[in-house]
Amino acid sequence: MKIDVKHTAELSRITLTPEELEKFTPQMETILESVTLLKDVNTDGVQPMKAHVKFDELREDVPQESLTQEEVLRNAKHKEAGFVKVYGKVFGDIEES
Amino acid sequence: MEYDTIIGLEIHVQTKTNSKMFCTCPTGYFQKEPNSHVCPVCMGLPGALPVPNKRAIELCMLMGLATDCTIANEIYFDRKHYFYPDLPKGYQISQYKNPICSDGSVTLPNGFEVKIERIHQEEDVAKSTHHTSTSESDYSLIDYNKSGVPLIEIVTKPCIRTAKDAKDFATQIRQIARYLNISDADMEKGQMRCEPNISIQEKGRWEEKDGKILPIGDYELNPKVEVKNIGSITAVEKAIEFEVERLTKELGEGRKPIQQTRGWNANKNITEFQRSKETADDYRYMPEPDIPVIEVSNDDIERIKSELVELPHEKITRYMNDWGISQYAAEVISASRKDASYFEKLQTLLFEKLEAKIAAQEAANWLMGTVFALEGDKEIDMNDLSLLIMKFKEGKITKGKAEEMLKDCISNNKDISDELDMFEKSASDNAGNIQDIVKQVLDNNPKAVSDYKGGKEATMGFLVGQVMQATKGASNPNDVKNILIELLK
Ligand SMILES: [Zn+2]
């Protein structure tokens, strides 16, 4: 199975060196190949296993207290004036190939 | 070369719920302290479980019912992956193959039917603001209060052909959203966002099949342009017009347009290049494993249907057909639910005394002519207004005097029924000596009298006017006319 690891990495905003690409590509392909074993299983007539819920049982629209701003920001590496701060140009710093 | 314009619209509407789409955080984020309406779910923390909001889904269905869509009996959510700081989970919970509403339509005032492909439920992203700095690298500040607010996306088929129709469609969607209390749909506040996609194709060389634009023969379709950052309904029309002109010019100069996303610049009234889209978006959709399939019964759908009210376009047709109201007046009156309801109640009140059609036309005339112009924050009391209108219809007061009274009462906080009482009292005081006043007027206008006697009947209007002036409007012009005719015999 051939996969485009470079493209996948770009979608996740991860930069890989050519060496890394060469190393990871066969590794990921092996992983996917073992997963494709599942395709061989005959699932004819087997219902999809997915939980169902009745519309009426859905959550009612009642707000509850959120976390405090301090709690929210606790995991943020950078913060400023109550905001989470992230560095880097957001548009176009990784070109899609 | 002649071209056809092909437009599709994607409209996002934030729906009006108290809590977010998949968590219980409050939704009202406007002007709130940043990151104060956030929990592990809308922050995308590992292990947090999304729990769908029933009301949000009802509002999505309501929009679908109002636009003639088919409502699904099973609701599935999917994950749409992309990487961006405003999307903390790394994916947005949305719907891919099975939207809640599909195959709807909206008929525009000019009769054109816009086909709706789908309306699906998703969640809004966080708000990020971008900053440049001289002392450090560029950065963005992120507020997750908006993250997870319920959002519906309405997608039309590429069936729209003019910028005006696109604008009218957006207007109608906004009206429906407001009428049904689905959303305030304020574009400036970002509660409604319109993203048109536009292409121009050579006439006769393409066709539309099942909502897809296909080339005929060896024709190669021109790529489409998406326009974002549109902050008002008028900008929808302007941005499309600008793009059509830009694309036509580009093709005229022999350049091939490229598929791209552009941003509307409201200050310069132009669109600006944002990014090219050479590859198709790759969102790697997958079923959302944390949300079960939601079973919707037909009873559920019926219950939601009961929230539907008569919509503006239905009102317009009814006002025009049943009551003979002009299209323009019908459109203005039905533009807001509040005005339409005022109009209909006023019609009902007048209907006690007048024929239904006349009652409606009087109500429309008064609203369009005076009331809308006068009404600021204060609402004019409907009983008083109908009283005034009836006095006018009975010929007890002239329209001019009635309007003057209305204005005076609004701006000086006077009571219309009190004023009417006073007016009628002075009118009856006048009535006693009306004969004298008329005689006086005749004495003062010998020329008019001889003109009238000489056959110039139009002079009657002048004489009536003179009497009305002398009584400061507090007399019935018909009575005055009768007295004049009598005395001039
Ligand atoms: Zn939350």
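Reading guide: rules and limits
- Residues numbered from 1 in each chain as written.
- Chains lettered and ligands numbered in written order.
- Predicted model: local features only at pLDDT ≥ 70, side-chain atom pairs only at ≥ 80, totals over all residues.
- Heavy atoms only, no water.
- Helix = DSSP H or I, 4+ residues; strand = E, 2+ residues; numbered from the N terminus.
- Rg over C-alpha atoms; globule rule 2.2 N^0.38 Å.
- Buried < 20%, exposed > 50% of the residue type's maximum accessible area, 1.4 Å probe, protein only.
- Contact = heavy atoms within 4.5 Å.
- Patch = residues over 30% accessible without salt bridge, like charges linked within 9 Å, V, L, I, M, F, W, Y side chains within 5 Å.
- Areas by Shrake-Rupley, 256 points an atom, 1.4 Å probe, with all protein chains shown as cover.
- Salt bridge = Lys/Arg side-chain N within 4 Å of Asp/Glu carboxyl O.
- Lys, Arg positive; Asp, Glu negative; His and termini not counted.
- Charge placed at Lys NZ, Arg CZ, Asp CG, Glu CD.
- Pairing = 2+ DSSP bridges.
- Polar contact = N/O pair within 3.5 Å; in protein donor to acceptor, adjacent residues only side chain to side chain.
- Axes fitted to C-alpha atoms, helices over the stretch in contact; angles between N-to-C directions.
- Parallel < 35°, antiparallel > 145°, perpendicular 65-115°, else oblique.
- Left-handed = near helix turned anticlockwise from the far one by under 90°.

**Focus: the overall build of chain B**
So, point 1. In terms of helices and strands, chain B carries 14 helices and 18 strands.
So, point 2. Relative to the globule expectation of 23 Å for 489 residues, the C-alpha radius of gyration of chain B, 31 Å, shows a markedly less compact shape.
So, point 3. If one aligns the C-alpha atoms of chain B with their principal axes, the spans along those axes are about 95 × 60 × 55 Å.
So, point 4. The burial tally for chain B puts 50% of its 489 residues in the buried class.
So, point 5. Of the contacts formed within chain B by residues at least 6 apart in sequence, a portion of 69% connects residues at least 24 apart.

**Some details on a negative patch on the surface**
So, point 1. On the surface, a cluster of negative charge is made up of Glu-379, Asp-381, Asp-415, Asp-418 and Asp-421 of chain B.
So, point 2. The topology assignment puts Asp-418 of chain B in helix H11 (residues 416-444).

**Observations regarding the sheet that holds strand E3 (residues 83-87) of chain A**
So, point 1. Judged by pairing direction, the sheet is antiparallel, and its 4 strands sit side by side in the order E2(A)-E3(A)-E9(B)-E8(B) without closing on themselves. The outermost strands of the open sheet, each flanked by one partner alone, are strand E2 (79-80) of chain A together with strand E8 (127-131) of chain B.
So, point 2. Of the strand pairs in this sheet, E2 of chain A and E3 of chain A are connected by 2 bridges, and their pairing is antiparallel. Each bridged residue has a counterpart across the sheet, and for Lys-79 of chain A the counterpart in E3 of chain A is Val-84 of chain A.

**Focus on the side chain of His-120 of chain B**
Residue and element names in this part refer to chain B.
So, point 1. Following the sequence through the fold, His-120 ends up in strand E7 (residues 113-123).
So, point 2. For His-120, a relative accessible area of 6% corresponds to the buried category.
So, point 3. Separated by 2.9 Å, the side chains of His-120 and Glu-122 make a polar contact.
So, point 4. Not counting chain neighbours up to four residues away, the residues in contact with His-120 comprise Cys-60, Ser-94, Gln-95, Pro-99, Ile-100, Leu-151, Ile-152 and Glu-153.

**A few points about the sheet that holds strand E5 (residues 91-94) of chain B**
Residue and element names in this part refer to chain B.
So, point 1. The strand order E5-E4-E17 describes an open sheet built from 3 strands, whose pairing is antiparallel. Looking along the sheet, the strands with just one partner apiece sit at the ends: E5 and strand E17 (286-287).
So, point 2. In this sheet, E5 lies alongside strand E4 (residues 78-81) in antiparallel orientation, the contact comprising 4 bridges. Residue pairing in the sheet places His-81 in a bridge with Tyr-91 of E5.

**Brief notes about the packing of helix H7 (residues 337-351) of chain B against helix H9 (residues 382-393) of chain B**
All names here are of chain B.
So, point 1. Packing of H7 against H9 leaves a shortest axis separation of 10 Å and a crossing angle of 50°. Relative to H9, the element H7 lies oblique. In this structure, H7 meets H9 at a crossing whose hand is right-handed. Every residue of H9 that contacts H7 at Tyr-342, Lys-345, Leu-346, Leu-349 and Leu-350 is listed here: Met-382, Asn-383, Leu-385, Ser-386, Ile-389 and Met-390.

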